[in-house]
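Each chain, letter by letter, is given below.
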Amino acid sequence: MTYTPVEIPLDDETKKEFQRGFNADGSKAKRVKKRLTSRTATVVSLVIAVIWIIPTFGLFISSFRPEELIKTTGWWTIFQNPGFTLDNYKEVLFSASSSSPQLGAYFVNSLAITIPVVVFATVLAAMAAYALAWIPFKGAGWIFIIIFALQIVPLQMALIPLLQMFTTWILPIQRWVHDIIPIIPEQSYVQVWIAHTIFGLPLAIFLLHNFISEIPGELIEAARVDGANHGQIFLRIILPLSVPILASFAIFQFLWVWNDLLVALVFSGGTPDVAPLTQRLAELTGNRGQEWQRLTAAAFISLVVPLIVFFSLQRYFVRGLLAGSTKG
């Protein structure tokens with residue numbers, strides 16, 4: 001049996017509109033692609049990359065130079081004035097002197113703060129985004145609007161109320177736990193974890209909701225027909241499909257928390273047991289502003305971890321940025 005295609009009659013005006021729109025879309029896409037892949041765009045991208053890399057490269061070279069060379073010559077004269085040493089990193093990381101930076105403990109504190117916050121914010125935001133997108137309940141639209149509006153609220157407005165709340169509720173609980181189990185310190189990361197998670201959730205839920213809501217409904221309906229509940233749908237369908245956007249947000253959240261100073265100053269208490277690396281770097285800038293060899297080593301130590309995280313998750317980051325940008 002053969003099927004004969006049926007031609008739908010269209011008037012001349014409709015044909016012209018259709019052809020005009022098709023040509024416009026095709027020519028526009030070609031123009032955009034041509035501009036992004038042109039020689040000029042490539043040259044501009046390379047120039048921007050070089051401008052961004054030069055200060056980082058200079059910081060890296062300076063961190064290995066002895067004190068007398070770093071104070072008398074520039075890093076760009078490394079070939080005329082050669083000299084390398086690891087003493088700068090030994091002093092800032094492992095020195096036993098109380099007058100030295102001793103960044104090792106603060107580095108561990110930054111990791112202990114950043115990694116749990118990234119996990120907490122990503123998991124909670126993914127569950128909330130799924131609930132708002134695919135679980136029908138009364139008031140879901142208003143809740144999403146409120147979450148979206150929270151993004152414009154300045155972070156500084158919530159610092160004092162949160163600090164009062166933590167002082168009233170969290171701190172007494174920590175002291176009680178410390179009295180029962182002395183091994184657990186009185187000062188902990190709980191306040192910083194909660195604060196960073198709260199501040200990161202509005203944007204996280206907004207971004208993840210926009211992605212999760214675009215997942216084809218046929219997949220969700222097919223899973224429901226097969227008897228899957230919301231937990232199974234979330235774990236077996238939503239999470240695997242949302243890996244790019246989850247990784248993209250995790251990178252942003254990691255960078256925000258790792259480079260944060262304000263929230264750490266307010267909620268960490270300033271003690272060496274809890275304070276992150278950024279707080280110690282700020283102290284070094286104020287107290288040791290002339291010891292460039294230590295400052296450059298300390299700055300590069302704080303820089304290397306975000307670079308590793310970004311480049312290791314770069315493919316997911318690019319996929320997350322492009323997710324939802326095209327259809328078809």
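Since the model is a prediction, treat every value here as computed from it, not as a measurement.

Enquirer: Quick rundown of the overall build of the protein? Include the residues and the values.
Expert: From N to C terminus, the protein includes 15 helices and zero strands. Across the 328 residues that make up the protein, the buried fraction comes to 34%. Sequence separation of 24 or more characterises 69% of the internal contacts of the protein that already satisfy a separation of 6 or more. As presented, the protein carries roughly 20800 Å² of accessible surface, and 69% of it is formed by carbon and sulfur atoms.

Enquirer: How would you sum up the packing of aromatic side chains? Please name residues and give values.
Expert: Per the stated rule, a full pass over the model turns up 14 aromatic pairs. Look at Phe64 and Tyr89: their rings are 5.0 Å apart centre to centre, the planes differ by 40°, and that puts the pair in the tilted class. One end of the pair, Phe64, is in the loop between helix 2 (39–62) and helix 3 (67–72); the other, Tyr89, is in helix 4 (residues 87–94), with 25 residues separating them in the sequence. Residue classification places Tyr89 among the buried positions, given a relative accessible area of 14%. Members of the aromatic cluster, connected to one another through ring pairs, are Phe60, Phe64, Tyr89 and Phe300.

Enquirer: Summarise the environment of Asp87; cite the residues concerned and give the values.
Expert: The residue Asp87 is located in helix 4 in this model. The sequence separation of Asp87 and Gln293 amounts to 206 residues, and the corresponding C-alpha distance is 9.3 Å.

Enquirer: Can you break down the environment of Ile251 residue by residue, with the values?
Expert: Turning to its location among the elements, Ile251 is positioned in helix 11 (residues 243–258). With relative accessibility at 1%, the residue Ile251 sits in the buried group. When the C-alpha atoms of Ile251 and Gln314 are compared, they prove to be 9.0 Å apart, with 63 residues separating the residues in sequence.

Enquirer: Tell me about a nonpolar patch on the surface, residues and numbers included.
Expert: Where nonpolar side chains cluster on the molecular surface, the patch consists of Ile115, Val119, Phe120, Val123, Leu124 and Met127 and spans about 500 Å² of accessible area. Summarising the element assignment, Val119 is placed in helix 5 (residues 103–134).

Enquirer: Tell me about helix 10 (residues 230–241), residues and numbers included.
Expert: The terminal C-alpha atoms of helix 10, which comprises twelve residues, lie 15 Å apart, in line with the 16 Å expected from a rise of 1.5 Å per residue. Along helix 10, the residues classified as buried are Ile233, Phe234, Ile237 and Ile238. Buried residues along helix 10 cover an arc of 125° about the axis, so they all sit on one side. Every exposed residue of helix 10 that faces more than 90 degrees away from the buried side is listed here: Leu235 and Arg236. Contacts from the buried residues of helix 10 go to helix 5, helix 8 (190–212) and helix 9 (217–225). By the N-cap criterion, in which a side-chain oxygen at the helix start approaches the backbone nitrogen of a residue two or three places on, helix 10 is capped by Asn229, the distance to Gly231 being 3.2 Å.

Enquirer: Run through the nonpolar core, naming residues and quoting values.
Expert: Within the largest apolar cluster, 26 residues are counted, with the highest numbers of intra-cluster contacts made by Leu208, Ile212, Ile233 and Ile238. Elements represented by at least two residues in this core include exactly helix 5, helix 6 (140–149), helix 8, helix 9, helix 10 and helix 11. Looking at which element gives the most residues to this core, the answer is helix 5, with seven residues.

The rules behind these values
Residues numbered from 1 in each chain as written. Predicted model: local features only at pLDDT ≥ 70, side-chain atom pairs only at ≥ 80, totals over all residues. Heavy atoms only, no water. Helix = DSSP H or I, 4+ residues; strand = E, 2+ residues; numbered from the N terminus. Buried < 20%, exposed > 50% of the residue type's maximum accessible area, 1.4 Å probe, protein only. Contact = heavy atoms within 4.5 Å. Areas by Shrake-Rupley, 256 points an atom, 1.4 Å probe, with all protein chains shown as cover. Phe/Tyr/Trp six-rings, centres within 6.5 Å; stacked < 30°, edge-to-face > 60°. Patch = residues over 30% accessible without salt bridge, like charges linked within 9 Å, V, L, I, M, F, W, Y side chains within 5 Å. Salt bridge = Lys/Arg side-chain N within 4 Å of Asp/Glu carboxyl O. Expected span 1.5 Å × (residues − 1). Arc of directions from axis to C-beta. Polar contact = N/O pair within 3.5 Å; in protein donor to acceptor, adjacent residues only side chain to side chain. Core = buried A, V, L, I, M, F, W, Y, C linked by side-chain atoms within 4.5 Å.

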